[in-house]
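One letter stands for each residue in the lines below.
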Amino acid sequence: MTEKFDVIVIGAGPGGYVAAIRAAQLGLNTACIDMNTGKDGKAALGGTCLNVGCIPSKALLDSSKHYHHVKNDFATHGINVTDVSIDIDTMIARKDAVVSKLTGGVAQLFKANKIKQYHGRGRLLANRQVEFTAHTSSEKTVLEAENIILAAGSVPITIPNVEYDNEYIIDNEGALQLTEVPPRLGVIGAGVIGLELGSVWQRLGSKVTLLEALPSLLPTADQDISKQAGRAFKKQGLDIRLDTLVKSASITGDTIKVSLEDKNGESEISFDRLLVAVGRKPNTEGLLADDSGVELNKRGQIEVNHQSQTKLEGVWAVGDCVRGPMLAHKASEEGIAVAELIAGKAAHIHFDTVPWVIYTDPEIAWVGKTEQQLKEQGVSYHVGSFPFAATGRGLAMGNADGMVKMLADADTDEILGVHIIGPGASELIAECVVTMEFHGASEDLARIIHAHPTLSEAIHEAALHVDKRAIHRGN
Ligand code: FAD
Ligand code: AMP
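This one's a predicted model, so the numbers in the text were calculated from it and none came from an experiment. (Residues numbered from 1 in each chain as written. Chains lettered and ligands numbered in written order. Predicted model: local features only at pLDDT ≥ 70, side-chain atom pairs only at ≥ 80, totals over all residues. Heavy atoms only, no water.)

## Observations regarding the packing of aromatic side chains
Evaluation of the coordinates by the stated rule reveals three aromatic pairs. Judged by centre distance (5.0 Å) and plane angle (65°), the rings of Tyr-118 and Phe-132 are edge-to-face. Highlighted residues: Tyr-118 in strand E3 (residues 116-124) and Phe-132 in strand E4 (residues 129-134), separated in sequence by 14 residues. No difference in accessibility class separates Tyr-118 from Phe-132, as the two residues are buried. Ring centres of Trp-356 and Trp-366 lie 5.5 Å apart, and the angle between their planes is 5°; this geometry places the pair in the stacked category. Separated by ten residues along the polypeptide, Trp-356 in strand E17 (residues 356-358) and Trp-366 in strand E18 (residues 363-368) bring together distant segments of the chain. For Trp-356, a relative accessible area of 30% gives the class partly exposed. Exposure remark for Trp-366: the relative accessible area of 6% places this residue in the buried category. A connected cluster of aromatic rings, assembled from ring pairs, spans Phe-5, Tyr-118 and Phe-132. (Phe/Tyr/Trp six-rings, centres within 6.5 Å; stacked < 30°, edge-to-face > 60°. Helix = DSSP H or I, 4+ residues; strand = E, 2+ residues; numbered from the N terminus. Buried < 20%, exposed > 50% of the residue type's maximum accessible area, 1.4 Å probe, protein only.)

## Let's talk about the sheet that holds strand E19 (residues 381-387)
The antiparallel open sheet is built from five strands, whose spatial order is E17-E18-E21-E20-E19. Both edges of this open sheet fall to E17 and E19, since each of them pairs with a single strand only. Mean inter-strand twist for the sheet, computed between neighbouring axes without regard to direction, equals 10°. By the bridge criterion, three bridges tie E17 to E18 in an arrangement that is antiparallel. Bridging from a neighbouring strand, Trp-356 pairs with Trp-366 of E18. Sheet strands in contact with helix H13 (residues 457-466) are E19, strand E20 (403-409) and strand E21 (415-422), and its direction is about 145° off that of E19. (Pairing = 2+ DSSP bridges. Axes fitted to C-alpha atoms, helices over the stretch in contact; angles between N-to-C directions. Contact = heavy atoms within 4.5 Å.)

## A few points about helix H7 (residues 223-236)
Look at H7: 20 Å from first C-alpha to last across 14 residues, which is about the 20 Å you get at 1.5 Å a residue. Along H7, the residues that are buried comprise Ile-225, Ser-226, Ala-229, Ala-232 and Phe-233. The buried residues of H7 occupy an angular sector of 125° when the element is viewed end-on, so they sit on one face. In H7, the exposed positions angled more than 90 degrees off the buried face are occupied by Lys-227, Arg-231, Lys-234 and Lys-235. Between the side-chain oxygen at the start of H7 and the backbone nitrogen of Asp-224 there is a gap of 3.1 Å, and the oxygen is on Asp-222. One or two steps after H7, the chain reaches Gly-237, where phi turns positive at roughly 105°. (Expected span 1.5 Å × (residues − 1). Arc of directions from axis to C-beta. Polar contact = N/O pair within 3.5 Å; in protein donor to acceptor, adjacent residues only side chain to side chain.)

## Overview of the site of ligand 1
Looking at ligand 1, there are 39 residues lining it, with Gly-15, Asp-34, Thr-48, Lys-58 and Ala-328 nearest. Measuring from an oxygen atom of ligand 1, one finds a backbone N or O atom of Gly-15 at 2.8 Å. In terms of residues, the shell around ligand 1 owes the most to one element, helix H2 (residues 47-52), which gives four residues. (Near = heavy atom within 4 Å.)

## Considering the nonpolar core
Grouped together as the largest cluster of nonpolar side chains are 35 residues, with contacts concentrated most on Trp-201, Leu-275 and Ile-364. Mapped onto this core, the elements with two or more residues apiece are helix H3 (54-72), helix H4 (88-112), strand E8 (184-188), helix H6 (192-203), strand E9 (207-211), H7 and E18. Take this core: its biggest share by element is four residues, from H6. Val-9, Ala-19, Ala-24 and Leu-28 belong to the second-largest nonpolar core, a separate cluster that totals 28 residues. (Core = buried A, V, L, I, M, F, W, Y, C linked by side-chain atoms within 4.5 Å.)

## Digging into the pattern of salt bridges
Scanning all chains against the criterion turns up 21 salt bridges. Salt-bridge contacts for Glu-131 lead to Arg-123; the nearest nitrogen and oxygen are separated by 3.2 Å. Judged by relative accessible area, which is 13%, Glu-131 ranks as buried. Here Asp-467 makes a salt bridge to Arg-469, at a shortest N to O gap of 2.7 Å. (Salt bridge = Lys/Arg side-chain N within 4 Å of Asp/Glu carboxyl O.)

Encoded structure:
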């Protein structure tokens, strides 16, 4: 007999597992199918984010930051440490332990919420049926549900003539798993993933070269921020080559030869490892039966409306496999909204207030519009900014590079965007997101008491500076 559910979710990344938990909380009989398998051969929930994305990359960013600080920054605090070394195996094992704790935590939440977990592949059939193929066998069963949520996530993009061998030419998964520090690490793509993972290995001792086809770094960030970031990365020793198109890569012995084209013509460069970080694409391979009725758009994303509904009644899609930024928190919020809509509640997502964070050093975070977007759209705005170098806390910490930049509507003073580069940017941005959600003005932030000494004072002062009345800088 066909097993029936109120909701079946395909994919247990931050989009799918969060949707499943919210659906179960709302009293819906929920199943979740996920094919990911951990190192122990068992199901590992949490998708890209927990297993090979957000979490392991942050674990390695933190480990490598500690190492870098001990070697380079402790002496200024009067702390002298000799014989500093890094044990890569221990660092990777710690990262794996963090991942296991979190993936295990999701499994416990599934149990606690009575979500039926299926380990294997799901495929959407017609008439709200799902074919399930268990991880351990080729036997197929058919499940049925009133509502199906597709949350299949994304996979790395490949480029022509650069083939992964997963030892020398690697993707994010490989770069999170290296067993030694490569003397020369090449990175194709200076996007978020390339910069974060490049930073990890650079801090640990690799000479890192990023090859980026575009003429500017982080083109979607506010240009004042991306320029500061470029200067900071250069100072750290990251060799970022813009306007440089990778044409092919080949492995000879232990060396990877990369052919590239830049303003000087064609040339070749050699590396010991090559990380390909040229972006990600929706993971829809094998997800949809020919007659499922679900449509993909030109970019290979599952076509959905603003409420994450496909054209088929009762079939929804969220996260990296649909339009919008490929970010874990965006996926989760869509998952929650869909579960609530299924349960008959009202739900909506404000794509305008999705925060973006890049966990390099300095960290970069923003929400809302960039200055270049406001110019393009002909919006009149005021700008306020404040450097961390003028904050007592930043100086006391010994980490005061960067700034907060705030953009507010010239007529209404409503905040339209906030851009931060500097210490704690990933946490500081939350205050700005909240303010923007409430359609707050720079005046609101300027009148809110911020504790002293904290980094958040830079936000307070940037808000004051919108009206040219910052206290600790010239206006
Ligand atoms: P995924 O997390 O990709 O999960 C999809 C799941 O579905 C996977 O487990 C997959 O195996 C499973 N699946 C797919 N098809 C099927 C099928 N047919 N049957 C069964 N199971 C299936 N985002 C941030 O917000 N912050 C960060 O710091 C950040 N860092 C990142 C670092 C790296 C190195 C990478 C690669 C990504 C990072 N991201 C980050 C992006 C983030 O990981 C994704 O946006 C997020 O994981 C998307 O969630 P999702 O649920 O849509 O899909
Ligand atoms: P993101 O989409 O943020 O992950 O960044 C991926 C980056 O890779 C983008 O900035 C692309 O311009 C860059 N890129 C894509 N293909 C190539 C290529 N063949 N050579 C160099 N850079 C590339």
